[in-house]
Amino acid sequence: MKFEKNIICIGSGYVGGTTMAVIAAKCPHCRVTAVDVDADRIARWNSENLPIYEPGLDDVIRATRGKNLFFSTDIEGAIGGADIIFVSVSTPTKSFGEGEGMAADLQYWEKTARLIGEAARGDTIVVEKSTFPVRTAFAMERILSTINRGLRFQVLSNPEFLAEGTAVRDLEEPDRVLIGSREGPEALAARDELVALYENWVPRERIVTSNIWSAELSKLAANAFLAQRVSSINAISAFCEKTEADVTEVARAVGMDNRIGAKFLNASLGFGGSCFKKDILSLVYLCRCYGLNEVAEYWNWVVRMNEYQKNRFVQTMLTAMFNTLAGKKVALFGFAFKADTGDTRETPAIDVARRLLAEHADITITDPKALENARRDLHGLPVTFSHDPYEAAAGSDAVAVVTDWNLYRTLDYEKIFESMNKPAFVFDGRNILDHKRLFEIGFNVYPIGKVPLVHF
Ligand code: NAD
Ligand code: UGA
């Protein structure tokens, strides 16, 4: 079949793989190829055992793979035939040298930019899909124009706002699609081409265009604002615990103000995920580079508050369980950084597990989708894993809810209580359980930002 456009994405991770699958489903007239250096990952995209878990993704892949969606390790070949190249490679926090622990590590996109310059065969639109520091497009343009062999490249910024666990829905029905470009006629034509691609399924009024630096900065700002809301409610949760206020009631009252809004006000043991911390630290680093030290400090506190909240969760466990966890068995309900994903990058569960082990607790981890990643994250540590929450809880002194999986709401807690050592504790790091009911069963219950319900 002859396709009207050849679209490729370099980097087939959570964003690249899922985004290309949805573009392929919505644009049957386009040939879509997701490429990656990681051959195992590509093999899994081509198998029944996809490399990531996302609700609804299996169906989209089944409907498109082999028809107009392809996964490949032939990156140069794919670049050569592409009209539009999305770049969705990793941009992790730098772990060495200048900016270590703060700045975004740009080595992967730099390699990608060079390869695009070398392997392109015609004029090409290059779309930044990864989250990059502001003004990355400028560097990409310079690399491409240096390698230029008479070809013209237009660089656009089209940051991705999907959240894991709802990625397919977020891509199919986005709140907005943001496309940043330069002002010249060729750049605007490239922008219009990308707008037209999204118009295949996104209403035009939801496709927002802006200058390229605004688009790059909007992505960092959006993540900073979202994380800030979580840190704000978590800060209030600590105050609630001192004053007998209830954080759920406070969040409801605050969130009913239309100007504030109700979403993202669930107090928790802390936010996780591959991006919030990394993107805020990148923002903080950039602000410092521009001499904006107060601005940098302001955003840095969002991350510091999150560290405080994670520490507080384990401290509460320690204090409640008579200041010693040595030899006690603790079942962690959930390891993923949020429900409906198997992703464990920056999950608070890692900090909790490590701190419990430092207290010589004996921990068992259960999670419906994240055990493969949990085993890798805690490799070499004395931890037990179980697919079955009942098995994980049996013989334990405490259950700690770390991930907000729906299934934990509906377990038979009477059965769990019977199987545990007494006194039995529940630490609900997500406030998803029925605390009163658990207390009636006999548990000592410690929610986040609420008065604990204890029998002594
Ligand atoms: P990921 O680690 O799952 O995927 C990145 C992929 O890029 C990996 O498979 C890696 O092998 C590949 N890669 C690295 N260097 C390469 C190269 N030179 N050539 C080809 N492939 C290469 O990461 P992700 O979660 O998909 O995130 C990708 C980008 O999207 C990041 O910048 C992230 O901040 C941003 N983002 C992520 C999310 C999310 O929910 N995960 C949401 C929005 C934006
Ligand atoms: C987040 C953003 O929501 C996306 O818009 C963005 O595209 C993405 O980061 C990214 O750039 O990677 P994600 O990290 O997948 O998406 O998940 P979120 O739903 O934002 O949750 C992040 C963390 O905050 C999770 O650990 C979650 O449990 C926690 N959270 C969220 C709370 O503790 N309370 C809340 O009210 C909301």
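As shown above, the structure is provided for reference.
Starting afresh in each chain, residues are numbered from 1 along the sequence in its written order. Written order decides the labels, with chains lettered from A and ligands numbered from 1. Local features are withheld for residues below a pLDDT of 70 in this predicted model, meaning they are given only at 70 or higher, and side-chain atom pairs are given and counted only at 80 or more; totals for whole chains, interfaces and linings count all residues. With hydrogens and water stripped out, all remaining heavy atoms of the structure feed into the side-chain values.

Visitor: Looking at this structure, I do not really get empty space enclosed by the protein. What am I missing?
Guide: It is a probe the size of a water molecule, rolled over the atoms, that shows where empty space is left. Cavities and pockets are found on a 1 Å grid laid over the protein atoms alone: a cavity is a set of points where a 1.4 Å probe fits but cannot escape, a pocket is an open set with protein on both sides within 12 Å along at least five of seven lines, and a lining residue has an atom within 4 Å of such a point. Grid points are joined across faces, edges and corners, and a volume is the space filled by probe spheres set on the points. By the definition in use, this model includes two cavities of 30 Å³ or more. Here the largest cavity is characterised by a volume of approximately 70 Å³. Secondary structure follows DSSP: runs of H or I at least 4 residues long count as helices, runs of E at least 2 residues long count as strands, and numbering of each begins at the N terminus. Elements with a contribution of two residues or more to the lining of the largest cavity: helix 12 (293-320) and strand 13 (425-428). For the lining of the largest cavity, the element with the most residues is helix 12, which contributes four residues. Together, Glu128, Ser130, Thr131, Phe132, Ser157, Pro159, Glu216 and Lys219 line the second largest cavity.

Visitor: Looking at this structure, how should I read the site of ligand 1?
Guide: We define proximity as follows: a residue is near a molecule or strand when any one of its heavy atoms falls within 4 Å of that partner. Taken together, 26 residues surround ligand 1, and among them Asp36, Arg41, Thr91, Glu164 and Lys278 come closest. Each polar contact in these results corresponds to two N or O atoms within 3.5 Å; when the atoms are within protein, one needs to be able to donate a hydrogen and the other to accept it, and residues that are neighboring in sequence are counted only if both atoms are side-chain atoms. Separating an oxygen atom of ligand 1 from a side-chain N or O atom of aspartate 36 is a distance of 2.6 Å. At 3.0 Å from an oxygen atom of ligand 1 is found a main-chain nitrogen or oxygen belonging to threonine 131. Computed by Shrake-Rupley with a 1.4 Å probe, the accessible areas treat only the displayed protein chains as cover when residues are assessed. With the chains in place, 90% of the 830 Å² that ligand 1 exposes on its own is no longer accessible. Counting only elements with at least two residues in the shell around ligand 1, the list comes to helix 1 (14-26) and helix 5 (107-119). In this count, Pro and Cys sit with the nonpolar residues alongside Ala, Val, Leu, Ile, Met, Phe, Trp and Tyr, while Asp, Glu, Lys and Arg are called charged and the others, Gly among them, polar. Taken together, the residues of the shell around ligand 1 sort by class into nine nonpolar, nine polar and eight charged.

Visitor: For this particular structure, what's the right way to read the pairing of strand 2 (residues 30-35)?
Guide: Walk down a regular strand and you will see the side chains alternate between the two sheet faces. Of all six residues that make up strand 2, five are buried, and the element is covered over most of its length. Pairing geometry for strand 1 (residues 5-10) and strand 2, over six bridges, is parallel. Following the sheet pairing, isoleucine 7 is matched in strand 2 by valine 32. Handedness of the β-α-β unit built from strand 1, helix 1 and strand 2 comes out right-handed. Exposure categories follow from relative accessible area, calculated using a 1.4 Å probe and restricted to protein chains: below 20% of the type maximum is buried, above 50% is exposed, and the middle band is partly exposed. Here the rule is simple: two strands pair whenever DSSP picks up at least two bridges between them. Clockwise travel from the first strand over the helix to the second, with the strands pointing away from the viewer, marks a crossover as right-handed.

Visitor: Looking at this model, I keep getting lost on the site of ligand 2. Mind explaining?
Guide: Within the structure, ligand 2 sits among 20 residues, and Phe161, Leu162, Ser268, Cys275 and Arg430 are positioned closest to it. Between ligand 2 and asparagine 266 there is a distance of 2.8 Å, counted from a nitrogen atom to a backbone nitrogen or oxygen. Ranked by the residues each element gives to the shell around ligand 2, the list is headed by helix 9 (residues 212-243), at four residues. By residue class, the composition of the shell around ligand 2 is 11 nonpolar, four polar and five charged.

Visitor: How should the packing of helix 9 against helix 12 be read in this particular structure?
Guide: Geometry of a packed helix pair, given as the angle between the helix axes and the separation of the axes. Two elements in contact, helix 9 and helix 12, have axes whose closest approach is 9 Å; the angle formed by their N-to-C orientations is 45°. The orientation of helix 9 relative to helix 12 falls into the category oblique. The interaxial crossing formed by helix 9 with helix 12 has left-handed handedness. On helix 12, the residues touching Ala224, Phe225, Ala227, Gln228, Ser231, Asn234, Ala235, Ser237, Ala238 and Glu241 of helix 9 are Tyr298, Trp299, Val302, Met305, Asn306, Tyr308, Gln309 and Arg312. Residue composition of the contact of helix 9 with helix 12, grouped by class: 10 nonpolar, six polar and two charged. Orientation is described by axes fitted as lines to C-alpha atoms, over the contacting stretch for helices, and by angles from 0 to 180 degrees between their N-to-C directions. For classification, angles of less than 35 degrees are called roughly parallel, those exceeding 145 degrees roughly antiparallel, those between 65 and 115 degrees roughly perpendicular, and all remaining angles oblique. Whether a crossing is left-handed or right-handed is set by the direction in which the near helix is turned from the far one by less than a right angle, anticlockwise for left-handed and clockwise for right-handed. Contacts are assigned to residue pairs that have any heavy atoms within 4.5 Å of one another.

Visitor: Explanation requested: the layout of surface pockets in the structure shown.
Guide: Counted as a void, the second largest pocket has a volume near 270 Å³. Residue lining of the second largest pocket: Ala238, Glu241, Lys242, Arg312, Gln315, Thr316, Thr319, Ala320, Tyr446, Pro447, Lys450 and Pro452, and that is the complete set. Here the lining of the second largest pocket gets five residues from one element, more than from any other, and that element is helix 12. Partitioning the lining of the second largest pocket into residue classes produces five nonpolar, three polar and four charged.

Visitor: Is there a simple way to think about the state of the cysteines in this case?
Guide: By definition, a disulfide links the sulfur atoms of two cysteines through a covalent bond. A pair of sulfur atoms, both from cysteines and within 2.5 Å, is called a disulfide here. Throughout the structure, instances matching the rule amount to zero disulfides. Here cysteine 27 stays unpaired: no disulfide links it, and the sulfur of cysteine 30, its closest cysteine neighbor, is 4.8 Å away. By relative accessible area, cysteine 27 is classed as buried at 0%. Here cysteine 287 stays unpaired: no disulfide links it, and the sulfur of cysteine 289, its closest cysteine neighbor, is 9.2 Å away. Judged by its relative accessible area of 9%, cysteine 287 is buried.

Visitor: Which parts of the structure should I look at to understand the sheet that holds strand 11 (residues 383-386)?
Guide: With parallel pairing, six strands are arranged side by side in an open sheet as 11-10-9-12-13-14. If you trace the sheet from one side to the other, it starts and ends with strand 11 and strand 14 (444-446), each paired once. Direction aside, the axes of adjacent strands within the sheet are offset by 20° on average. Direction of pairing for strand 13 relative to strand 14: parallel, over a ladder of three bridges. Across the sheet, valine 426 pairs through a bridge with valine 445, a residue of strand 14. Each of strand 9 (329-333), strand 12 (398-401), strand 13 and strand 14 is contacted by helix 12, which is oriented at about 165° to strand 13, the strand it contacts most. Against the sheet, helix 13 (residues 348-358) makes contact with strand 9, strand 10 (362-366) and strand 11, and its axis sits at roughly 175° relative to strand 9, the strand it touches most.

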